[in-house]
There are 2 protein chains.
Amino acid sequence: MPRIIIVEDDIYLREELIHTFQKAKYDAIGLSEFENVEDHLMKQKPDLVILDVNLPGKTGYELCKSLKVKSSFPILILTARDTLSDELTALGLGADDFLTKPCHPDRLLARTERLLQTYGKMRSILQIGAVSLDTDTYKLVFLDKVLILSETEGKIMKLLMEQFPSAVEKSELFRNVWGTEEFVDENILQVNMSRLRKNLSDFGMDGIIRNIRGKGYVLEVDGL
Amino acid sequence: MPRIIIVEDDIYLREELIHTFQKAKYDAIGLSEFENVEDHLMKQKPDLVILDVNLPGKTGYELCKSLKVKSSFPILILTARDTLSDELTALGLGADDFLTKPCHPDRLLARTERLLQTYGKMRSILQIGAVSLDTDTYKLVFLDKVLILSETEGKIMKLLMEQFPSAVEKSELFRNVWGTEEFVDENILQVNMSRLRKNLSDFGMDGIIRNIRGKGYVLEVDGL
DNA sequence: ATACCACTTACATCTCTTGTAAGGTTTCCT
DNA sequence: AGGAAACCTTACAAGAGATGTAAGTGGTAT
């Protein structure tokens, strides 16, 4: 049951949308908090997001832009602003579809369904900016180039991308990559970090893994 | 330069569309033959297809449906029929977007651009019905299950899917997998076919590779 | 019936990945 | 400045997985 998060401040419309999606067998959730929408959203791990444009605080456009940088779920913008320039802005910011209110439920459902289908094939793909990683095969794609990482390096990269822009603690790396919290030998992590960095560097992604002394590692994806 | 194929029987509109896309730095090609559109289209290896609905011969809907079974490029339906039911039909058949004529060039370009961006991540994916194969990593996906093939088996599978529904000759397999036309030892092909079939069978795709005595092999994807 | 083609299994080789070891470099604190 | 702790790098060897060879079985067409 795909999870759809609805970001809409009009309570009445929000409930209506939730109802529409729930009737169609979706796990529809409405957000009623408009502070830190971004964090709330990410925590819910949505399969798709419906976004209004006129929101208290950050606009839907700003939200869309920053969500698209670090997420890989589709975003559908639903708004009362119906000019071409609104549509172009939305699509330009990475929105996957743009519909205007009022919108027939069937149209909304059909568009939603189609997006979920398209993105279904990419369920295993993590995305940060122009970089994407297939977590099944550890295929890294960046600027039309492809690099296939080995299993260990891939797992490290996966963790770094999942937690971006936060840092990943060493203990967490040990737990997730080697299955043990007790990192008897720190060296093994360093060796693999070294290998991964070398590969990334040859690939054109120099210096994107930064060490945090005593803590762990972070991804540094400013330039990309 | 992404290649866009335009399937539209109205000459005037077709030229206008081609011009719009060419100005936007696309490799835009119009189809003027409406017999065997499907074969013509596939030969051009498009990155995206713009499809009219009212065509001589097969309708755009029929075309869309059969293209979607064997291809992996996005399809945008552009039509004068503007009812909700038309849109629902199109989306239901797998169309990636639905726009009505007359359509502002900027809107068309923005929608096209977005589709190309979304599908860009899947450039390396072959698709036949419910089966897909990533030709970089040889990740095979079928019914939410994932199987990662070894390089040799993956290359064989790739050829079979690329040429579907035609057969692949043994000489072609030797050329593409082992880099030599002269198949000194036929056994190596048989061994790898055997291994591939075993893996596919365990994966729930039993008997989909059929031998053609003296010729080669075909994919048999009726049931899937 | 027989010759040809296709299929299968076992085994050895090879490649790629991983962890270990050892030595070097950077950073931080006194 | 000096030393310790944390981090980085390179080389090497063991291990796992993939590939090709060999040899024998089974099926099909004439």
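(A) Up close: the protein's contact with DNA strand C. Not every one of the 21 residues close to DNA strand C is listed here, only the nearest: Ser150 and Arg195 of chain A together with Gln190, Arg197 and Gly214 of chain B. The sugar-phosphate portion of DNA strand C accounts for 54% of its atoms within 4 Å of the protein, the bases making up the rest. In this structure, a phosphate oxygen belonging to DNA strand C sits 2.9 Å away from a side-chain N or O atom of Thr152 of chain A. Taking Gln190 of chain B, its side chain carries an N or O atom lying 3.2 Å from a base nitrogen of DNA strand C. Those elements giving two or more residues to the surface near DNA strand C turn out to be helix H6 (151-163) and helix H8 (186-202) of chain A together with helix H8 (187-202) of chain B. Looking at the surface near DNA strand C residue by residue, the class counts come to five nonpolar, nine polar and seven charged.

(B) Quick peek at the protein's contact with DNA strand D. If you check the shell around DNA strand D, you find 23 residues, and the closest are Gln190, Arg197 and Gly214 of chain A together with Ser150 and Arg195 of chain B. Near the protein, within 4 Å, the atoms of DNA strand D are sugar or phosphate in 53% of cases. Measuring from a phosphate oxygen of DNA strand D, one finds a backbone N or O atom of Gly214 of chain A at 2.7 Å. Within the residue set of the surface near DNA strand D, elements represented by two or more residues are H8 and strand S11 (209-212) of chain A together with helix H6 (151-163) and H8 of chain B. If you tally residues by element for the surface near DNA strand D, the top one is H8 of chain A, at six residues. When grouped by side-chain class, the residues that make up the surface near DNA strand D number six nonpolar, nine polar and eight charged.

(C) Highlighting the relation of the copies chain A and chain B. Least-squares fitting of chain A to chain B yields an RMSD of 0.3 Å, with the transformation described by 0.3 Å of translation along the axis and a rotation of 179 degrees. Look at the turn and shift together and you get a two-fold axis relating the two. Among all C-alpha atoms of chain A, that of Thr137 of chain A lies closest to the rotation axis, at 3.2 Å.

(D) A look at the interface of chain A and chain B. Each side of the interface is counted separately: chain A has 28 residues, and chain B has 28 residues. Taken together, both faces of the contact between chain A and chain B bury some 2,600 Å²; the carbon and sulfur share is 53%. Connecting chain A to chain B are 12 salt bridges. For Lys139 of chain B, the salt bridge identified is with Asp136 of chain A, shortest N-O distance 3.0 Å. On inspection of chain A and its partner chain B, the count reaches 18 residue pairs in polar contact (both at pLDDT 80 or more).

(E) The pairing of strand S8 (residues 139-142) of chain A, seen in detail. All names here are of chain A. Here strand S7 (residues 131-134) pairs with S8 via four bridges, running antiparallel. Within the sheet, the bridge partner assigned to Asp134 lies in S8 and is Lys139. Bridge count for S8 against strand S9 (residues 145-148) is four bridges, and the pairing is antiparallel. Its bridge partner being in S9, Leu140 is matched across the sheet by Leu147. Here S8 folds back onto S9 in antiparallel fashion, the turn holding two residues, of which Leu143 has a positive phi close to 55 degrees.

(F) Spatial organisation of the nonpolar core. Ranked by size, the top nonpolar core spans 30 residues in total, and within it Leu140, Met157, Met205, Ile209 and Leu219 of chain A carry the most contacts. Secondary structure elements with two or more residues in this core: strand S6 (125-128), S7, S8, H6, helix H7 (170-178), H8 and strand S12 (216-219) of chain A. The dominant element in this core, judged by the number of residues it contributes, is H6 of chain A, at five residues. Filtering out sequence-adjacent residues up to four positions away, Met157 of chain A remains in contact with Leu133, Leu140, Leu149, Leu196, Leu200, Met205, Ile208 and Leu219 of chain A. Judged by nonpolar contacts, the second largest core, of 28 residues, contains Leu133, Tyr138, Phe174 and Met205 of chain B.

(G) How the structure looks around the packing of aromatic side chains. Here the structure, examined in full by the defined rule, presents six aromatic pairs over all chains. With 6.4 Å between their ring centres and 55 degrees between their planes, Phe142 of chain A and Phe203 of chain A make a pair best called tilted. You can see Phe142 of chain A sitting in strand S8 and its partner Phe203 of chain A sitting in the loop between H8 and S11, a full 61 residues away along the chain. Residue Phe142 of chain A shares its accessibility class with Phe203 of chain A, and that shared class is buried. Sitting above the plane of the Phe203 of chain B ring, Lys145 of chain B keeps its charged end 5.1 Å from the centroid.

(H) Examining the pairing of strand S2 (residues 27-31) of chain B more closely. Residues and elements named next belong to chain B. Of the strand pairs in this sheet, strand S1 (residues 3-7) and S2 are connected by five bridges, and their pairing is parallel. Residue pairing for S2: Ile5 is matched across the bridge by Ile29. With respect to chirality, the unit in which S1 leads through helix H1 (residues 11-23) into the neighbouring parallel S2 is right-handed.

(I) Seen up close, the sheet that holds S2 of chain B. Residues and elements named next belong to chain B. Here five strands make up an open sheet; going across it, the order is S2-S1-S3-S4-S5 and the pairing parallel. The open sheet has two edge strands with one neighbour each: S2 and strand S5 (97-100). In this sheet, neighbouring strand axes are inclined to one another by 20 degrees on average, regardless of whether the strands run parallel or antiparallel. Alignment of S1 against strand S3 (residues 48-51), held across four bridges, turns out to be parallel. Within S3, the position partnered with Val7 by the bridge is Leu51. Sheet strands touched by H1: S1, S2, S3 and strand S4 (75-79). Its angle to S2, the strand with the most contacts, is close to 170 degrees. Helix-sheet contacts for helix H5 (residues 105-120) involve S1, S3, S4 and S5, and the interaxial angle to S5 is about 175 degrees.

Definitions and limits used
- Residues numbered from 1 in each chain as written.
- Chains lettered and ligands numbered in written order.
- Predicted model: local features only at pLDDT ≥ 70, side-chain atom pairs only at ≥ 80, totals over all residues.
- Heavy atoms only, no water.
- Near = heavy atom within 4 Å.
- Polar contact = N/O pair within 3.5 Å; in protein donor to acceptor, adjacent residues only side chain to side chain.
- Helix = DSSP H or I, 4+ residues; strand = E, 2+ residues; numbered from the N terminus.
- Nonpolar A, V, L, I, M, F, W, Y, C, P; charged D, E, K, R; others polar.
- Least-squares fit on C-alpha atoms with pLDDT ≥ 70 in both.
- Contact = heavy atoms within 4.5 Å.
- Buried area = accessible area lost by both parts, 1.4 Å probe.
- Salt bridge = Lys/Arg side-chain N within 4 Å of Asp/Glu carboxyl O.
- Pairing = 2+ DSSP bridges.
- Core = buried A, V, L, I, M, F, W, Y, C linked by side-chain atoms within 4.5 Å.
- Buried < 20%, exposed > 50% of the residue type's maximum accessible area, 1.4 Å probe, protein only.
- Phe/Tyr/Trp six-rings, centres within 6.5 Å; stacked < 30°, edge-to-face > 60°.
- Lys NZ or Arg CZ within 6 Å of the ring centre and 35° of its normal.
- Right-handed = clockwise from strand over helix to strand, strands pointing away.
- Axes fitted to C-alpha atoms, helices over the stretch in contact; angles between N-to-C directions.

Note that all results are geometric; they support no functional claim without further evidence.
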